[in-house]
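Structural features, examined
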Amino acid sequence: MSTLSRRDFLKLGGLALGTLAFAPSVKFPLGFDDGSLVRVATTSVSVYREPSDESAIVGTWYRDELVHVYEEVKGLNGEPKTNPIWYRVWGGYMHRAHLQKVKILYNKPIASLAEGTRQLVEVTVPFTQAYQHTNRYGWQPNLRLYYESVHWIDAIGEGPDGIPWYRVFDASGVYHVSSMHVRPIPHEDLSPISPDLPYEAKRIEVNLTTQMLSALEYDKPVFEAKIASGVTSVRKPGQISTITPIGDFRVFEKKPAVHMGDGNLFADVDDYELPGVPWTMYFTEHGHAFHGTYWHDNFGTPMSHGCVNMRSSEARWLFRWAMPPFKADKYATEYYVRDYGTPIRIFY
């Protein structure tokens, strides 16, 4: 009797077919949702026989492959202690550190945009291929946009598959994305949380030892989340530190969508290009910020280049709560006087 290969398994499970949904020419029914998927968010992730990195490796999945999760389990002996969650998958167990929970949710296009306005959208599929269009070369693929990344759109037109596509306005350039793969974010979804409180009644505290963030109102915690702060690394002369700075700061700029990296629209997937980093709040002029994260799930462990990484849903909450309030109908970059943003204390 022959052994069932992983390729055969994917075909039987529908994942091989489902992955085709992210090609521009394939259409699937609206409203399909598979909530038991994770995307490999790094070069590769190993499958272990047991939920322990000391057990035998029995398989490997590669970047952007989609994996069915049967259940979440604790690692043997609660390891690793900072992030002890493993996923039971076909053939064994995968640690969640470099896997992103995703869904496949399709969207109806919006009919039009008012002249001179822009609209925030959020990617609702594991990934979608963005394209540039020129009269000379036609449609050319560039960046992949990932689940929960956020982008500004400023126009609607016909895409390479004949359905409406949105034009994305990015700091690095202009490209297009399928309207089926992104959800327009209603203004009410970004309404401020407790905006009537005095500025000094709110405070953000980040404990780098415990990798925990707390939002306080009148010194009482109203929200807590695990974070991933900057890694400690050996610097060469002239290199910028990757350690998250400690001290007292204030929120001085809020952007719902930021392209982090070198701004190369034709970058390889292994390059440092992170388009649509969501719910970014800067607290230093050197670029340190709180923001959502779609490229790992290793919260509780330092992972960043100095920023405070958060789960995207939790970063959105903090973005709405922190002062100054964000006005979703205004899309121009706005800098705020440092003395009026929510106070921040970062410590060990």
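Data block above holds the structure.
Residues numbered from 1 in each chain as written. Predicted model: local features only at pLDDT ≥ 70, side-chain atom pairs only at ≥ 80, totals over all residues. Heavy atoms only, no water.

Broken down by element type, the protein chain carries three helices and 24 strands. The buried share among the 348 residues of the protein chain stands at 49%. Taking all contacts inside the protein chain whose residues are at least 6 apart in sequence as the whole, residues at least 24 apart take part in 62%. In the form shown here, the protein chain has an accessible surface area of approximately 17100 Å², with 52% of it arising from carbon and sulfur atoms. (Helix = DSSP H or I, 4+ residues; strand = E, 2+ residues; numbered from the N terminus. Buried < 20%, exposed > 50% of the residue type's maximum accessible area, 1.4 Å probe, protein only. Contact = heavy atoms within 4.5 Å. Areas by Shrake-Rupley, 256 points an atom, 1.4 Å probe, with all protein chains shown as cover.)

Let's shift gears to the packing of aromatic side chains. Tallying each qualifying case throughout the model produces 13 aromatic pairs. Through successive ring pairs, a cluster of aromatic residues spans Phe-127, Tyr-146, Tyr-294 and Trp-295. The side chain of Arg-118 reaches across the aromatic face of Phe-169, ending 3.9 Å from its centre. Taking the ring centre of Phe-347 as reference, the NZ or CZ of Arg-345 above it sits at 4.4 Å. (Phe/Tyr/Trp six-rings, centres within 6.5 Å; stacked < 30°, edge-to-face > 60°. Lys NZ or Arg CZ within 6 Å of the ring centre and 35° of its normal.)

Here Glu-273 lies in strand E21 (residues 273-282). Although buried, Glu-273 forms no salt bridge, and the nearest oppositely charged side chain, Arg-63, lies 13 Å from it. One polar contact links Glu-273 to His-259, side chain to side chain, over a distance of 2.7 Å. (Lys, Arg positive; Asp, Glu negative; His and termini not counted. Salt bridge = Lys/Arg side-chain N within 4 Å of Asp/Glu carboxyl O. Polar contact = N/O pair within 3.5 Å; in protein donor to acceptor, adjacent residues only side chain to side chain.)

Below, the discussion takes up the environment of Ser-55. Examined against the element boundaries, Ser-55 turns out to sit in the loop between strand E2 (44-48) and strand E3 (57-62). Those residues within four positions of Ser-55 in sequence are excluded, and the remaining contacts are Tyr-48, Arg-49 and Glu-50. For Ser-55, the side chain forms a polar contact with the main-chain oxygen of Glu-50, separated by 3.1 Å. Within the structure, Ser-55 has its side chain in polar contact with the backbone oxygen of Ser-52 (distance 2.9 Å).

One can expect most non-glycine residues to show negative phi and most peptide bonds to be in trans. For the bond from Glu-79 to Pro-80, the omega torsion is -15 degrees, close enough to zero to count as cis. With respect to the helices, strands and loops of the structure, Pro-80 is situated in the loop between strand E5 (71-74) and strand E6 (85-89). Looking along the chain, the bond that leaves Met-323 and enters Pro-324 is cis, with omega of 0 degrees. Among the structural elements, Pro-324 can be located in the loop between helix H3 (312-321) and strand E24 (343-347). Of note in the backbone geometry, Asp-219 takes a positive phi value of approximately 70 degrees without being a glycine. If you trace the backbone, Asp-219 turns up in the loop between strand E17 (212-217) and strand E18 (220-226).

Below, the discussion takes up the pairing of E17. Of all the six residues making up E17, five are buried; the element is thus mostly covered by neighbouring parts of the structure. Both strand E16 (residues 202-207) and E17 contribute to a ladder of six bridges, which runs antiparallel. Note that in E17 the partner of Glu-205 across the bridge is Ser-214. With antiparallel pairing between neighbouring strands as the criterion, E16 and E17 make up a hairpin whose turn holds four residues, including Gln-211 at a positive phi of roughly 55 degrees. Sheet topology note: the E17/E18 ladder contains six bridges and is antiparallel. Looking at E18, one finds that Ser-214 is bridged to Glu-224. Between E17 and E18, which pair antiparallel one after the other, the connecting turn spans two residues, and Tyr-218 there sits at a positive phi close to 50 degrees. (Pairing = 2+ DSSP bridges.)

Take the pattern of salt bridges next. Taken as a whole and judged by the stated rule, the model has 14 salt bridges. Of the charged contacts, one joins Glu-79 and Lys-81 as a salt bridge, the two residues approaching to 3.4 Å between their closest N and O atoms. Residue Arg-311 is joined to Asp-297 by a salt bridge in which the shortest nitrogen-to-oxygen separation is 3.0 Å. Note that Arg-311 is positioned in strand E23 (residues 308-311) and Asp-297 in the loop between strand E22 (289-293) and E23, a separation of 14 residues in sequence. Note on Asp-297: relative accessible area 9%, which makes it buried. The structure contains a network of salt bridges with shared partners spanning Glu-122, Arg-183, Asp-189 and Arg-316.

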